[in-house]
Amino acid sequence: MIVELPDTTVSAVSKRLVTLREDGGAVALGRVLTLVIVSEHGQEEEAIAAANEASREHPMRVIVVSNEPANAVSGEARLDAQIRVGGDAGASEVIILSVYGDAARSQESLITGLLLPDAPVVAWWPGVAPAGVAQTALGRMAQRRITDASVCEDPTAALELLSQNYSPGDTDFAWTRLTLWRAQLAAVLDQPPYEPVTAVVVAGASDSPSTTLLAAWLRRQLDAPVTQEHTPRGSGETGIHSVRLVRPSGDVEIARPFTSISATLTLPNQPQHEIAMPRRSLRDCLAEELRRLDPDALYGDVITVGLPALLAETA
């Protein structure tokens, strides 16, 4: 069910939520968190769809703050709202706040009265995020803050900005997309022979921040020189292509064609193995990040220490 509330107030939205719960049986019981999505007009539906899917694992209230584009801000202060419950909201309830003009100045006051009581808050910027999200009004309210460097025009510069402004609780989907790669590489190194890695080669698209973060993580964990090989931008190839670990007994390589959902594992003196390595959807990344509400210490170490060290070497 979708309820439209044009030219309204936060108080009216809150009252309508109560009415919907009383009349239709849509309840907040069992909701484990509030997810706040910060987007622009017309760009929120993909994020809402991902949140609806993730809500089947993490029942939650979703509040979408939909702003005017920075270059199209009007002078009129107005709040339009939409409430989605039932089949239109997955296992969550979705509140879309479309703000115009001066109504966008105090986003904190927009959502405070709509937060679930005594429940953690996660803030997500699916588009280009402001520098230092932890210092924004919504970021200060959230236990976790999610960004996505891959949507930026210059992903490497976006990663550097994340490094400079990192606060515990920050994370980025460029890191979340590495989970399968990190798991497979750790599993390979847990098998004999237990030799040191003397060099690492990471190949990927030049506009893939995940490739850069994977290289930074490997350099930090293995204390070995890391070389990055990039495919030209606009070549059609995306993401990480391969990782090669150089060891005295022979190289170990995991390679995934950019159109494939599986990868090839090559080990010395063994036949090639095919391993599942699907590309992670927005829903997968969001669901993973919602599983933990404490700061990701490993990401913090990689983004603040590993990444600057890697970039200094390659400068």
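Residues numbered from 1 in each chain as written. Predicted model: local features only at pLDDT ≥ 70, side-chain atom pairs only at ≥ 80, totals over all residues. Heavy atoms only, no water.

*Asks:* How would you explain the sheet that holds strand β8 (residues 170–172) if you had to name every residue and give the values?
*Replies:* The pairing of strands in a sheet happens through backbone hydrogen bonds and is either parallel or antiparallel. Taken in spatial order, the eight strands of this open sheet run β1-β4-β5-β3-β2-β6-β7-β8, and their pairing is mixed. The sheet is open, and its two edges are formed by β1 (2–5) and β8, each paired on a single side. Strand-to-strand twist of the sheet, defined as the mean angle between neighbouring strand axes without regard to direction, takes the value 20 degrees. Note that strand β6 (residues 121–124) and strand β7 (residues 144–147) share three bridges and pair parallel. Counterpart to W124 in the pairing with β7 is I146. (Pairing = 2+ DSSP bridges. Helix = DSSP H or I, 4+ residues; strand = E, 2+ residues; numbered from the N terminus. Axes fitted to C-alpha atoms, helices over the stretch in contact; angles between N-to-C directions.)

*Asks:* Requested: an account of helix α10 (residues 297–314), with residues and values cited.
*Replies:* Over its 18 residues, α10 runs 25 Å from end to end, which matches the ideal 26 Å to within 8%, given 1.5 Å per residue. By the largest-angle criterion, G306 marks the main kink of α10, which is about 35 degrees, and a proline, P308, follows within four residues. Of the residues making up α10, those classed as buried are Y299, G300, V302, I303, G306, L307, L310 and L311. Among the structural elements, α5 (155–164), β8, α6 (173–176), α8 (209–222) and β10 (226–231) are those in contact with the buried residues of α10. Backbone nitrogen of L298 and a side-chain oxygen of the N-cap are separated by 3.3 Å at the start of α10; the cap is D296. (Expected span 1.5 Å × (residues − 1). Bend = angle between axes of the 7 residues up to and from the residue. Buried < 20%, exposed > 50% of the residue type's maximum accessible area, 1.4 Å probe, protein only. Contact = heavy atoms within 4.5 Å. Polar contact = N/O pair within 3.5 Å; in protein donor to acceptor, adjacent residues only side chain to side chain.)

*Asks:* I'd like to hear about helix α7 (residues 179–189), residue by residue, with values.
*Replies:* Buried residues of α7: W181, R182, L185 and V188, and no others. The buried residues of α7 occupy an angular sector of 125 degrees when projected down its axis, which confines them to one face. Its buried side turned inward, α7 meets α6, α8, β11 (240–246), β12 (252–255), β13 (262–266) and α10. (Arc of directions from axis to C-beta.)

*Asks:* Can you break down the packing of α7 against α8 residue by residue, with the values?
*Replies:* For any two helices packed against each other, the geometry is given by the interaxial angle and the distance between the axes. In the contact formed by α7 and α8, the axes pass within 12 Å of each other and the chain directions differ by 30 degrees. Judged on the interaxial angle alone, α8 and α7 are roughly parallel. Once α7 is placed against α8, the crossing between them reads as right-handed. Two secondary-structure elements touch here, α7 through W181, R182, L185 and L189 and α8 through L214, W217, L218 and L222. A class-by-class count of the residues in the contact of α7 with α8 yields seven nonpolar, no polar and one charged. (Parallel < 35°, antiparallel > 145°, perpendicular 65-115°, else oblique. Left-handed = near helix turned anticlockwise from the far one by under 90°. Nonpolar A, V, L, I, M, F, W, Y, C, P; charged D, E, K, R; others polar.)

*Asks:* Please give an account of the pattern of salt bridges that cites residues and values.
*Replies:* The full count for this structure, using the stated rule, is 14 salt bridges. Connected through salt bridges with shared partners, the residues E57, R283, D284 and R291 form a single ionic network. (Salt bridge = Lys/Arg side-chain N within 4 Å of Asp/Glu carboxyl O.)

*Asks:* Just give me the short version of the pairing of β11, but keep the residues and values in it.
*Replies:* In terms of residue burial, β11 counts as a mostly covered element, since five of its seven residues are buried. Pairing of strand β9 (residues 199–205) with β11, which is carried by six bridges, proceeds in the antiparallel orientation. When the bridges of β11 are listed, G204 appears paired with I240. Two strands pair when backbone bridges link them, and β11 and β12 are joined in this way by four bridges, in the antiparallel orientation. Each bridged residue has a counterpart across the sheet, and for L245 the counterpart in β12 is V252. The turn joining β11 and β12, which pair antiparallel and follow one another in sequence, is formed by five residues; a positive phi near 135 degrees is taken by G250.

*Asks:* Give me the nonpolar core: which residues, what numbers.
*Replies:* In this structure, L214 and V243 are the most contacted members of the largest nonpolar core, which totals 36 residues. Among all residues touching V243, those that are not within four sequence positions of it are W181, L185, V200, V201, V202, L214, L218, V252, E253 and I254. Counting residues in each nonpolar core, the second largest holds 28 residues, with I63, I83, L114 and W125 among its members. (Core = buried A, V, L, I, M, F, W, Y, C linked by side-chain atoms within 4.5 Å.)

*Asks:* Explain the sheet that holds β10 to me, using residue names and the numbers behind them.
*Replies:* One open sheet holds the six strands; their spatial order is β10-β9-β11-β12-β13-β14, and the pairing between them is mixed. Strands at the two margins of the open sheet, each flanked by one partner only, are β10 and β14 (273–276). Going from strand to strand, the sheet's axes swing by 15 degrees on average, the running direction of each strand aside. Taken strand by strand, α8 contacts β9, β10 and β11, and its axis lies near 170 degrees from that of β9.

So, to be careful, I would describe these as geometric facts and stop short of saying anything about function.
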